[in-house]
Structures are given as C-alpha cells and as structure tokens.
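# Structural description and commentary
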There are 2 protein chains.
Amino acid sequence: MSLIATPQTMHFPEVLPLQSGASIRDYQLVYETYGQLNADKSNAVLVCHALNASHHVAGVYPNEEKSEGWWDNMIGPGKSVDTNKFFVIGVNNLGSCFGSTGPKDINPDTGTVYGADFPVVTVEDWVNAQARLLDRLGIGQLAAVLGGSLGGMQAQSWTLQYPERMRHAVVVASAPNLTAENIAFNEVARRAIVTDPDFHGGHFYQHGVVPARGLRIARMIGHITYLSNDVMNQKFGRQLREGLDLKYSTQDIEFQIESYLRHQGDKFSTYFDANTYLLITRALDYFDPARSFGGQLAQAYARAQAKFLLISFSTDWRFAPERSREIVKALLDNGRQVSYAEIDAPHGHDAFLLDDPRYMGVMRSYFENIATELTKEGV
Amino acid sequence: MSLIATPQTMHFPEVLPLQSGASIRDYQLVYETYGQLNADKSNAVLVCHALNASHHVAGVYPNEEKSEGWWDNMIGPGKSVDTNKFFVIGVNNLGSCFGSTGPKDINPDTGTVYGADFPVVTVEDWVNAQARLLDRLGIGQLAAVLGGSLGGMQAQSWTLQYPERMRHAVVVASAPNLTAENIAFNEVARRAIVTDPDFHGGHFYQHGVVPARGLRIARMIGHITYLSNDVMNQKFGRQLREGLDLKYSTQDIEFQIESYLRHQGDKFSTYFDANTYLLITRALDYFDPARSFGGQLAQAYARAQAKFLLISFSTDWRFAPERSREIVKALLDNGRQVSYAEIDAPHGHDAFLLDDPRYMGVMRSYFENIATELTKEGV
C-alpha cells in the first residue's frame, strides 16, 4: 500500500545568486512531501535526486500505473525511511525538466525560452535553492539530508554550506568529485547531444525538434556505466535477440544487450531535456569541495558538523567504494562521527536504487536510530 | 635506426567464401614484410592487427615524419621480435580502410562503391584471407602468429582453423570473446555513426560527406575504454585546460580530459572509414570460438596444436586478465604447452602497444626461444 504523492510548487520571486556569477529570479521549485512534520519541526528528511530523477521520490500518483517514486522501495510508511516517523521532502532541482524552472521555461529577462541560455547551475546552487525552500517550509534543521550518486554530492554539500542545518547526512554511492574517466563519459554524452544537428546550439525548441539522436547515445553510455560488468553478463551475456542464428549485420540488432540499450535510449529521448542533460552532467563535473583547499578533502570537511552514514557498493565502478572511503577518511581526520557500509552487491552503480536487503537493513537501522535520538533528546 | 617499410599489394581474383554465407572476389590485400624469409621458409611471423591499425606494423616510410609502424617498438632489427632472425609479415584486413579491399572500394558485381553493402567479415574470414596470402608467399608453417586485442583473436583463430600452420601463437591483451559490456560499447559507437545524418545508410560516399560526428563519438568512447582509470587520473585528473578558473560552460572545454578526447575524435574522423568501423566492431562482437561447442572453450581448443604465449595487463578492463586466464585454462585442459604473463602495468588496454620493459622482456625471451628452437630442430 503506497502513499499517494501530490506534487506542489513554490515560486521564488527573489534573485538567487549562482556560483558562476550569474543569477536567476522568478523561478519555481516542484516538490513532494510524505509523512507529517512534527510540532517542533525536527523530523524532516530532505532527499536530493541524481541525474535523471525528480522530486517524485516516493508514493504513487492516483490512477497512474507504474508511477512509484524512484526511492519508493526505501521511503514510505513502515519502510527503511519510515514516513510514519519522518517528514520526507523530495525536490526537483533548478535546471531539471520535471517541473522546477529549467531550460524549457521562459526567461523572464527576455520573454523567450531559456534553452542554452539557462545559467550553469552547480551542486552548491541547488543546495542554496533547497535551503530557501526549507526556509519557506519553516524547517530550520533537518533530521537528515539524504542522497545517492549526484544526490549524495548535494548531501555532502549541505553539510559544508549549512553545517548546522542537519543532524545527519546520508551519502549513498557517491564521491568527493568525479574522476577523469567520469568526466570523460559525461563529455562524450554531451558531445553526442551538442553535435546532433537537431540541437541547434541549444535552441531546438524554436525549431520544433529535439536532439533525440544525441540523447539516445548519451543515455546508452550512461546505462553502461550504471551497470556492473558482472550483472551485464548475467542479465544479457552474449545472448542473441532472436533465435540461435547470427544475422551477420552491422546495423540490425543481434545481441540482447543492444536491444536493451536501444530501448533505454529511445525511451529517454522522448522525455528528457537535452539542455538539462548538459547542465546536470556539468554540475557533476564541477562538484569538488576540496578544490578551494588545494585538493585537501579533510580541510574542506573541517566545517562539517553532521553525523554521517556513507554507503557504497562493491561493483560500482562509476562511484567506486574507494571514493566513499576518501570521504570517510576526511571525516575521521576531523574527528567526525561516521558510519560506513560497503555493500557487496552485484548491480554496479544502480545498486543504490535497488532492493538489496543488507542495504535496506543498514538504512532502516540508521534511520531508526535517528528517530530514537530525536525522541530521547526531545527535539 | 628503423627499417624502411614498403607496402605491397596482392590481388586475389578467386572467390573467398565468407562465414555469413556471402562471398567476395577480386579483392586485394596490402601487406608489408620485414627481415628475410630463410631458405626453408620456417622463420615467418604473421602479425594480425586490431581495430584501427594496419599492415604497417614496423619500420618507417621514407621522408615521412612520425611514420613508425604501430608495433615498431617491439618489431625490428635487434628488437624483441628480431627481424634479423624472423621474417615478419603485417597484413591489412579485408574491410579495413588502409589499402586492402573495403567499403570504400568498387564492388565488382555492381561497378559502384560497396559502402554499406560490403559483406560482413569475421575473424575467421580474415584468417582465411591471410592463409591465402601465406599460400601465395609460399609459407606453409609460421614460426608464430602474433596479435594484440582483436589481433589476438585472429591469432587464436589461426590455431583453431589451421592448427598445423604455426608452431607458436602469441596472444596479447585479448579475450575468448567479448563480454556484454564490450558489445555494449561497440553498439553505442555504431549507433553514433549510423544515426549521424551524414551516414546516409552507409552510402555517404556518393553524397560527398562523411559521418564525422558519429566517428568522433565512436573514437571518444573507444579511447575511454583503452585507458585505465588510474592512468587517466595521472595524465589528466581534474586539470583544467586553461588557467585555474572555471568558465561555467556546458559546451566549451573546461577540463584537459575533454580537450584530449575531442582531439582524438577529430583526428580519427578525418582518416577512418565509418563502414569499416561498423565491420570491425562487429567482427569483435561475433568472435566466439566456444559458440559451436555450447560455450565450452576447452572443447573449442581441443583442435589447437600450437604452443602459446598469452600476455595480459593488470589494469586492462576492456580485455581483463581474467579473460586471458580463461584461454590459459582451456589450453591447459587440453594439455597444451602454454606460457602466461600477467604484466602489472598502469596503462589499461593501451599497454599492449606501449614500451613496458617487463612486457618487452617477456616477448624478447619468448621469441629468442622460438629462434633457438628453429635452429636446434634445423627447421
């Protein structure tokens, strides 16, 4: 029995200064909440989303099949993050394409669609925008900020930008920054989009087209990096799509893995905005809290005050366990309280979205402890 | 002091039946040879090339800068594969774009450029074509067949298709077949090419264009998989291309790794044929000698008679050491004589082309032993 989710919209007329030096005004954020905010407003959990996800974190939409939120397996009544105890907030980030202001929307300064002129937004900018949303909801301090992958970067950034505004930070399958290889994959995806003739320099909306070819390629690349080699071999291996005989064709689908990737690419290209893809991969590239500290992550984390849970997955080669361990070390160097679980899971980076019992168990225990802590301290 | 290389061409009027059921006739192979064939023709070494290489294995072209063959660091007078002792043959494969008959050439059946109608060629087909070249050169048995990556697949296939025609097989950084992930990367590259509007279904020659966008993306993906995560971090890390300040742009180059990949993609798109890229990646996908034996590689290798040297590199995630070990096991299961070196090298798959002293040392020892064996046995 899932929650019924109801997206809400909050409009922000005031200017939000951005890290790039640009700014944005008259924007809106779409968000959902699950559970009840308690009287002293101490039980809020903010969930930050990754590349192609949204504010729709948990629950379902009425009369809409397969409309479960992307972390509905983990968040809900009686689930690991129990909405009978916590007031959970999901928010769509600025620049995204699921309702919060993004490249598809009208630039109030020009009266035309932003397109490629939408300002570059960073993880830090998103956190600032989320903080304003919390201000408007009257939430001073979060019980926890929680995110996986790019969402985990936002959770990290929260603890550095607003160290006193959360008790706990839960960072899943994340990293202190992207490696050269991570950036490389993002760059290939971006080039595929930008060099698609239908991209029109990012102003394709006016041309009534979308750079579907580029988006397909971008998504196919993404999918390869989300899965582990092992799980790809298990799920697809060298299985042919049809029968047992080879077709000997360079352009037709021969192997199941090709069919899967083409399907994922096609689906993605029908709903995801190309400019959003560029913006979000760039936000990933830019995130690097150690940058202002000569690469010393421990120095960057000297500001943090939250207690941390970090989780990584053994076969995740996009954000490998060693990257989470770097964060753990930086926190320990600062004497911070940190729990770390390295889950032996076959699914690669995607594991953070899946129902691994050990993973869900760790989450449940940790959030039960947070709930107990809130009760005990009477906060 | 490098050898002077001289490409030669051999024409084959007769029909070559292909694995697909199609055939090809009136084709030519371009090849180079280094060193002298001895009186009893026992010292020949055939070198098979990988995806974007050619017959130009060693030596230089007169008055042409940076024209060293792709394995010139390993093959030449006094080098690991010593052309004072061996007669080394490099041959460009059918379907390639460096002189042997390929998609850019005229189909004798139609009088027009093959383009996308060039027949699908497999590793087995290449080996058959190479065997005919050896026939014409009067070489019955090779001292060794040698190849890296896809070239290593050809070396493997030689030992299965013509078990008596070589004394040794040297298989470097190769695999008994592609994994699902390998096929996936090939498929994304192919989709980038095929969906480039300038591809024109593979008949772009008539339109006076090349699908440069697709080729660039294909090459960028390739390069990521050739390098290890470690070496990418060492060479590029998160270094910016210009100065220390971020530009905050989604389309401009920001990081050095982006600059490198774009440069590699641009260069490749000026000289490589798009149809060849499709054909060669498909040959990679199809190679799977265990396929006819219900996936039992040991059964496939029951036919082999050669002595083997296998070499893999610790950080090669495209053709990981475990894949070489599968071949070693299949050979040992058949009581074959096999040497195996797993070289601890940081360079990923590219290591097979580089000057690692341990790698070169293993090669030198092995080929010195072959030379001694030839002398001792008076063959």
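Nothing here was measured: the structure is a model prediction, and the numbers come from that model.

Attention shifts here to the side chain of B:Ser259. Residue and element names in this part refer to chain B. Inspection of the secondary structure puts Ser259 in helix H6 (residues 256-271). For Ser259, a relative accessible area of 18% translates into the label buried. Sequence-distant contacts of Ser259, defined by excluding residues within four places in its chain, comprise Arg241 and Ile253.

Here we take up the UniProt feature "active site" (unreviewed entry) in chain A. Residues and elements named next belong to chain A. UniProt annotation of "active site" (unreviewed entry) refers to Ser149, Asp316 and His349 when read in the numbering used here. Look at the named residues: they lie 201 residues apart in sequence, but the longest C-alpha span between them is just 10.6 Å, so in the fold they bunch up. Checked against the element boundaries, Ser149 lands in the loop between strand E9 (142-148) and helix H2 (150-161). Looking at Ser149, the relative accessible area reads 6%, which means it is buried. As for its position among the elements, Asp316 is in the loop between strand E11 (307-313) and helix H9 (321-333). With near-sequence residues (within four places) excluded, Asp316 lies in contact with Ala173, Pro321, Gly348 and His349. Of the polar contacts made by the side chain of Asp316, one reaches the backbone nitrogen of Arg318; its length is 3.0 Å.

All right, on to the pairing of strand E10 (residues 166-172) of chain A then. Residues and elements named next belong to chain A. Counting buried positions along E10 gives seven out of seven residues, so the element sits mostly inside the fold. Of the strand pairs in this sheet, E9 and E10 are connected by six bridges, and their pairing is parallel. Counterpart to Gly148 in the pairing with E10 is Val172. Once you follow E9 into H2 and on to E10, the crossover reads as right-handed. Pairing analysis gives five bridges linking E10 to E11, with the strands arranged parallel. Its bridge partner being in E11, Val172 is matched across the sheet by Ile311.

It is worth spelling out the sheet that holds strand E1 (residues 8-12) of chain B at this point. What links the strands of a sheet is backbone hydrogen bonding, and the strands pair in either a parallel or an antiparallel sense. All names here are of chain B. Strand order in this open sheet of eight strands is E1-E4-E8-E5-E9-E10-E11-E12, and the pairing throughout is mixed. Strand pairing shows two members of the sheet lacking a second neighbour, E1 and strand E12 (338-343), which therefore form its edges. Along the sheet, successive strands turn relative to each other by an average axial angle of 20 degrees, direction set aside.

Each partner contributes residues to the interface: chain B has 60 residues there, and chain A has 60 residues. Contact between chain B and chain A buries roughly 5,100 Å² in total, counting both sides, with carbon and sulfur atoms accounting for 62%. The interface formed by chain B and chain A contains eight salt bridges. Our count for the contact surface shared by chain B and chain A stands at 24 residue pairs in polar contact (both at pLDDT 80 or more). Listed by contribution, the elements that provide at least two residues to the side of chain B that touches chain A are helix H3 (180-194), helix H4 (212-226), helix H5 (229-235), H6 and helix H7 (274-286) of chain B. Residues belonging to the side of chain B that touches chain A are distributed by class as follows: 31 nonpolar, 13 polar and 16 charged.

Here we take up the packing of helix H1 (residues 123-137) of chain A against H2(A). Packed helix pairs are specified by the crossing angle of their axes together with the interaxial distance, meaning the distance between the axes. Residues and elements named next belong to chain A. At a minimum axis distance of 9 Å, the contact between H1 and H2 shows a crossing angle of 70 degrees. Classified by the interaxial angle, the pair formed by H1 and H2 is roughly perpendicular. Helix-helix and strand crossings are classified by hand; for H1 and H2 the assignment is right-handed. Residues Val123, Glu124, Trp126, Val127, Asn128, Gln130, Ala131 and Leu134 of H1 lie in contact with H2, whose contacting residues are Leu150, Met153, Gln154, Ser157, Trp158 and Gln161.

Moving on: the pattern of salt bridges. Residue and element names in this part refer to chain B. Applying the stated rule across the entire model yields 43 salt bridges over all chains. Notably, a salt bridge pairs Arg190 with Asp285, separated by 2.7 Å at the nearest N-O pair. Placement of Arg190 in helix H3 and of Asp285 in helix H7 is noted, with a sequence separation of 95 residues between them. Accessibility expressed as a relative area gives 1% for Arg190, which makes it buried.

On to the environment of B:Met220. Its place among the elements puts B:Met220 in helix H4. Leave out the neighbours within four places in its chain, and B:Met220 touches A:Glu187, A:Val188, A:Arg191, B:Leu261, B:Arg262 and B:Gly265.

Turning to the relation of the copies chain B and chain A, a few remarks are in order. Mapping chain B onto chain A leaves a residual RMSD of 0.0 Å; the transformation is a rotation of 180 degrees accompanied by 0.0 Å of translation along its axis. Such a combination of rotation and displacement between the chain copies is what one expects of a two-fold axis. Of the interface residues in chain B, 100% have counterparts in chain A that sit at the interface too, so the contact is made through matching surfaces.

Conventions used here
Residues numbered from 1 in each chain as written. Chains lettered and ligands numbered in written order. Predicted model: local features only at pLDDT ≥ 70, side-chain atom pairs only at ≥ 80, totals over all residues. Heavy atoms only, no water. Helix = DSSP H or I, 4+ residues; strand = E, 2+ residues; numbered from the N terminus. Buried < 20%, exposed > 50% of the residue type's maximum accessible area, 1.4 Å probe, protein only. Contact = heavy atoms within 4.5 Å. UniProt positions renumbered as here; feature names shortened; annotations may be inferred. Polar contact = N/O pair within 3.5 Å; in protein donor to acceptor, adjacent residues only side chain to side chain. Pairing = 2+ DSSP bridges. Right-handed = clockwise from strand over helix to strand, strands pointing away. Axes fitted to C-alpha atoms, helices over the stretch in contact; angles between N-to-C directions. Buried area = accessible area lost by both parts, 1.4 Å probe. Salt bridge = Lys/Arg side-chain N within 4 Å of Asp/Glu carboxyl O. Nonpolar A, V, L, I, M, F, W, Y, C, P; charged D, E, K, R; others polar. Parallel < 35°, antiparallel > 145°, perpendicular 65-115°, else oblique. Left-handed = near helix turned anticlockwise from the far one by under 90°. Least-squares fit on C-alpha atoms with pLDDT ≥ 70 in both.

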